[in-house]
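Below, each chain spelled out in residue letters.
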Amino acid sequence: MIAQEQIPTVLDHPVYDTDGNKIGDAKHVFLDDATGQPEWISVKTGLFGTSESFVPIHDASIVEDHLEVPYPKDTVKDAPNVDVDAGGHLSEDEEHRLYEHYGIDWDAAWQQANQPGTGGWAHTDTSETTDTPSTDTGASGDDAMTRSEERMHVGTERREAGRARLRKYVVTEEVQQTVPVRREEVRVEREPITDENRDAALSGPDISEAEHEVTLHEERPVTETETVPVERVRMTTEEQTDEETVRGQVRKEEIATEGVDEDRRDR
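A short tour of the structure in this document, coming up. Because the structure is a prediction, the values reported are computed rather than measured.

1. Remarks on the side chain of Glu52
As for its placement among the helices and strands, Glu52 is situated in strand β4 (residues 51-56). Engagement of the side chain of Glu52 in a polar contact is seen with the side chain of His28, the distance being 2.6 Å. A distance of 2.6 Å separates polar atoms of two side chains, one belonging to Glu52 and the other to Ser42.

In structure tokens:
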């Protein structure tokens, strides 16, 4: 059973069935006027949370950060439609249909709620807090008054902030390199007839025609390319910690006195 002081930890938190399926988010808690204990909870269901279904939480339990109810998800979503804004109370007919849907014994529950000293079937919606002055005189019947205040708890959530990627593409660039090249040129040499070359010079006919050919060679630059690995590139992430200031509003109760002598109040 969910206690009344646990209501703030239930509202706006997920509601799951016993198979671990999320039904929706808890939006309203209704108290039994007879016992003052949480009796029903409305759950936002549907694709965008457009529907609101009622489910009894008498046998529900808080598990970590969510509420777990002993009913399948489909059973909760198919519950009879009830007007949540109808004065913050469930009519007897509405509650009868809900009990019947969830297979709860209506007669036994009705008799228990209508025993002497009980207040019937009305439930109070505790999803919003009003500024109506409290008439709390203390649970134990003494003259003390409890003063409460809200505390703000700040946490963080992880979300995607952007994406980075590596992309490889091909570019063509001009390169230049100077290399030496050689070539052959014809040079004509003339030498006079001497005693040393006379025999060679007179070895042929006296008068004749002749022809002599020389092949010339030269070098030309040629290029070829080869692919070689030059580096490895990868991306890594590193975590940076910044500080952000979060502001919010919290309410607290103040207790004022009337008809009390200010000089004697703290004595």
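2. Details of the pairing of strand β3 (residues 38-45)
Counting buried positions along β3 yields seven of eight residues, so the element is predominantly enclosed. When strand β2 (residues 22-32) meets β3, the two strands line up antiparallel, connected through six bridges. Opposite Phe30, over in β3, you have Trp40 as the bridge partner. Inspection of the sheet shows β3 paired to β4 by six bridges, in the antiparallel sense. From the neighbouring strand, Lys44 faces β4, where its bridge partner is Glu52.

3. As for the packing of aromatic side chains
For the structure on display, the rule yields four aromatic pairs. For the ring pair Trp40 and Tyr99, a centre distance of 5.3 Å and an interplane angle of 85° mean the geometry is edge-to-face. Taken together, the positions of Trp40 in strand β3 and Tyr99 in helix α3 (residues 92-101) put the pair 59 residues apart, joining distant regions of the chain. You'll find Trp40 and Tyr99 in the same group, each marked buried. Joined through ring pairs, the aromatic side chains of Trp40, Tyr71, Tyr99 and Tyr102 make up one cluster.

4. Remarks on the pattern of salt bridges
A complete count under the given rule lists 13 salt bridges for this structure. Here Arg182 makes a salt bridge to Glu219, at a shortest N to O gap of 3.0 Å. One end of the pair, Arg182, is in the loop between β7 (123-125) and α5 (198-201); the other, Glu219, is in the segment after α5, with 37 residues separating them in the sequence. Given the relative accessible area of 62%, Arg182 is considered exposed. Close ionic contact of Glu218 with Arg220 constitutes a salt bridge, the shortest N to O distance being 3.3 Å. Each of Arg147, Glu149 and Arg151 takes part in salt bridges that share partners, so that together they form one network.

5. A few points about the nonpolar core
Trp40, Ile41, Val55, Leu67 and Val69 are the most contacted members of the largest nonpolar core, which has 27 residues in total. Among the elements of the structure, α1 (7-10), β2, β3, β4 and α3 are those that each provide at least two residues to this core. Counting residues per element, this core draws most heavily on β2, at five residues.

6. Regarding the side chain of Ser53
In this fold, Ser53 is placed in strand β4. Within polar-contact distance, the side chain of Ser53 engages the backbone oxygen of Val76 at 3.2 Å. Every residue in contact with Ser53, bar those within four places of it in the chain, is listed here: Ile41, Ser42, Val43, Thr45, Val76 and Lys77.

7. Here's the deal with unusual backbone geometry
Backbone geometry at Asp12 places phi at a positive 65°, although glycine is not the residue there. If you trace the backbone, Asp12 turns up in the loop between α1 and β1 (14-16). Owing to a relative accessible area of 53%, Asp12 belongs among the exposed residues under this scheme. Positive phi outside glycine occurs at Glu64, with the angle close to 55°. In this fold, Glu64 is placed in the loop between β5 (61-63) and β6 (66-68). A relative accessible area of 74% means that Glu64 is categorised as exposed.

About the thresholds
- Residues numbered from 1 in each chain as written.
- Predicted model: local features only at pLDDT ≥ 70, side-chain atom pairs only at ≥ 80, totals over all residues.
- Heavy atoms only, no water.
- Helix = DSSP H or I, 4+ residues; strand = E, 2+ residues; numbered from the N terminus.
- Polar contact = N/O pair within 3.5 Å; in protein donor to acceptor, adjacent residues only side chain to side chain.
- Buried < 20%, exposed > 50% of the residue type's maximum accessible area, 1.4 Å probe, protein only.
- Pairing = 2+ DSSP bridges.
- Phe/Tyr/Trp six-rings, centres within 6.5 Å; stacked < 30°, edge-to-face > 60°.
- Salt bridge = Lys/Arg side-chain N within 4 Å of Asp/Glu carboxyl O.
- Core = buried A, V, L, I, M, F, W, Y, C linked by side-chain atoms within 4.5 Å.
- Contact = heavy atoms within 4.5 Å.

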